[in-house]
Amino acid sequence: MGMNMTEKILAKHAGLDSVTAGQLIFCQLDMVLANDVTAPPAIKEFEKIGRPVFDNTKIALVPDHFTPNKDIKAAGLAKTVREFAKKHQIKNYFEIGRVGIEHVILPEKGIVGPGMLTIGADSHTCTYGAVNGFSTGVGSTDLGVAMATGQAWFKVPKAIKVVLTGKKPKYICGKDVILTLIGMIGVDGALYKAIEFAGEGVAELTMTDRLTISNMAIEAGGKNGIFPFDEITKEYVEGRVQQPYEAVAPDEDASYEKVIEIDLSKLTPVVAFPHLPGNTHPVSEIDKIKIDQVVIGSCTNGRLEDLRQAAEVLKGHSVHPDVRCIVIPGSQQVYLDAVHEGLVDIFINAGAAVSTPTCGPCLGAHMGIMAAGEKAVSTTNRNFRGRMGHVDSEVYLAGPYVAAASAILGYIAVPEEVN
Amino acid sequence: MSLEGKVWRYGDNIDTDVIIPARYLNSFDPKDLAAHCMEDSDEHQEAPFAANVVEGDILVGGKNFGCGSSREHAPVAIKASGVPVVIAADFARIFYRNGINIGLPLLEIGDDVEKIHHGDKLRVDTSTGVIENLTTGDVFHAQPLPGFVQDIAKAGGLINYIKAKG
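In this report, we go over the structure that sits alongside the text. (Residues numbered from 1 in each chain as written. Chains lettered and ligands numbered in written order. Predicted model: local features only at pLDDT ≥ 70, side-chain atom pairs only at ≥ 80, totals over all residues. Heavy atoms only, no water.)

1. Things to note about the overall build of chain B
Let me state the cut-off plainly: For the purposes of this entry, the term helix denotes a DSSP run of H or I that reaches at least four residues, the term strand denotes a run of E that reaches at least two, and both are numbered from the N terminus. We take the radius of gyration over the C-alpha atoms and set the globule estimate at 2.2 Å times the residue count to the 0.38 power. Here the term buried applies to any residue with accessible area under 20% of the maximum for its type, exposed to any over 50%, and partly exposed to those in between, with areas from a 1.4 Å probe on protein chains only. In this analysis, two residues are considered to be in contact whenever any of their non-hydrogen atoms come within 4.5 Å of each other. In this tally Asp and Glu are treated as negative and Lys and Arg as positive; neither His nor the chain ends contributes. Every charge is mapped onto a representative atom, which is NZ of Lys, CZ of Arg, CG of Asp or CD of Glu.
For chain B, the helix and strand inventory stands at seven helices and seven strands. Traced from its N-terminal end to its C-terminal end, chain B shows the element sequence β-α-α-α-β-α-β-α-β-β-β-β-α-α. Relative to the 2.2 N^0.38 estimate, which gives 15 Å for 166 residues, the radius of gyration of chain B is 15 Å and therefore close to what a compact globule would have. By the burial criterion, 57% of the 166 residues in chain B qualify as buried. Relative to all contacts within chain B whose residues are 6 or more apart in sequence, the contacts with residues 24 or more apart total 65%. Averaging the positions of the 15 positive and the 24 negative side-chain charges in chain B gives two centres separated by 7 Å.

2. Section: the packing of aromatic side chains
Pairs of aromatic rings are described using the distance from one ring centre to the other and the angle between the two planes. Residues and elements named next belong to chain A. What counts, and what does not: Stacked, tilted and edge-to-face are the three classes applied to pairs of Phe, Tyr and Trp rings, where Trp contributes its six-membered ring and a pair requires centres within 6.5 Å; stacked means planes under 30 degrees apart, edge-to-face means over 60, and tilted covers the rest.
For the structure on display, the rule yields 14 aromatic pairs over all chains. With centroids separated by 5.8 Å and ring planes inclined at 90 degrees, the aromatic side chains of Phe134 and Phe154 adopt a geometry described as edge-to-face. Residue Phe134 is located in strand β6 (residues 134–137), and its partner Phe154 is located in strand β7 (residues 151–155); the two are separated by 20 residues in the primary sequence. For Phe134, a relative accessible area of 0% gives the class buried. Classification of Phe154 by relative accessible area gives buried; the value is 0%. With centroids separated by 4.9 Å and ring planes inclined at 80 degrees, the aromatic side chains of Tyr171 and Tyr401 adopt a geometry described as edge-to-face.

3. Digging into unusual backbone geometry
In terms of backbone geometry, most residues other than glycine have negative phi values and most peptide bonds are trans. Residue and element names in this part refer to chain A. Going from Thr67 to Pro68, the amide bond is cis rather than trans, its omega being -15 degrees. Locating Pro68 in the fold gives a position in the loop between β3 (59–62) and α3 (72–87). Backbone torsion omega between Pro274 and His275 reads -5 degrees, so that peptide bond is classified as cis. As for its placement among the helices and strands, His275 is situated in the loop between β12 (270–272) and β13 (280–282). Within the chain, Ser298 stands out as a residue other than glycine whose phi angle is a positive 85 degrees. Take Ser298: it is sitting in helix α9 (residues 298–301). You can call Ser298 buried: its relative accessible area is 6%.

Set out below in structure tokens:
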């Protein structure tokens, strides 16, 4: 029996010729990631082990959740991370002014690449499947142990194959693909499983689309969400990823527990209603839902192409007087590019706030907390109860096109409704 | 280890934002986290969990318990509330890892979870996975932990396991 992409990466990093679903293995790690919320407890666990860091070039510490520090306690967490990074000379530590959202900057800077195995103390670490790597979220204890040993244990997951066909219509983006998939299989539809994308439709997806899709594999319960290596991957990683890498492709007889087909040409813009990312509805079929806030950004949709899509809709229009629109570029590079391309002009002229990179409102940390009864359309990844503030506020998840159109009209809308 | 306790029953897809909202993640002191455990749940609002849980109470959820964020603060908050074991139909992957790693036993019993109700009294043997519902008389068997994961649990968590391994 052949191996799928996930099995190939896990087998190689376990020093084995092959692995099969259900097998328990120890793997060598290529990159180990934590942020300002998860690194401090990881550091505490790390220090209990009493060893040096396994490799100061293979640890990334990205203070992005509560930064720029939202309060005194958060400042203490950031300080803990900073001091640890200094003490252990962590190469990939990013200070305010250089930092971006972890899952935006790691691919952008080529810190993660094809065939690499990354764990991160953040559930959206699964993002790097977009560049043909295996990556998955873990907790702080796993991370603390990994910083000391360079290893982690895994159970080889069963895999679901998602075959993409057809051409992507105008105003359809990666967010619509992944929200549609989660709507089809449910928030536990890929529980403990790998999601592997395949089919001619993959070539229709830009790297930004893929990063959005892999990012939200966890929202279906998935362990990872991986794309094959193709010309688009090659173009993206060349010149970015400094270390040698080995792309993986599935064997023809690779095993998959289930195959799901999505015809991209049939997709329409969707929105996920509170309080689960799987409560997906086509925007064209919903009643008029008035909103108070729009958030455009996050590790899911905070890249340049996402901002271009939002700006395309917002250009020459104004944010509705009853709406606060907050745009958060995912990295300093994205921010700078958005300034140079005139996107920031468009946002500010439309009456949107533009913030420095932070996870901020996505997890209800800061920079856009909602009061009781308020509703937001957000390009983020979770719409759990109380996620963006008060327990009685609501988050509707969508892509940048829908978010921008909603900001203008004051209710959840598609771009065609603007004008 | 055999435990007896009263059930706090929750539904499906209990996410880590409900278990410990992000606004409290500026601390990782277990006591601070326990003070806000399950705060954003819309279940049991008449007698909220954090104010009413007593040492030994058992948390029982439905499908996909602990989905969402990787925050280890979630199982830490539950453990620091005095809950010695969590039972669910199944657990989200990262929460499951985290529970094992911090030494909080987690037992998966599939659809049998429907036969456990809020306020029932359970006797749980975390080493054999046998669960007795003392209120109804039902007996359930949890899936055993695989391979060396059992050794991690027996060691009381991943740090102890790694230190013992040398």
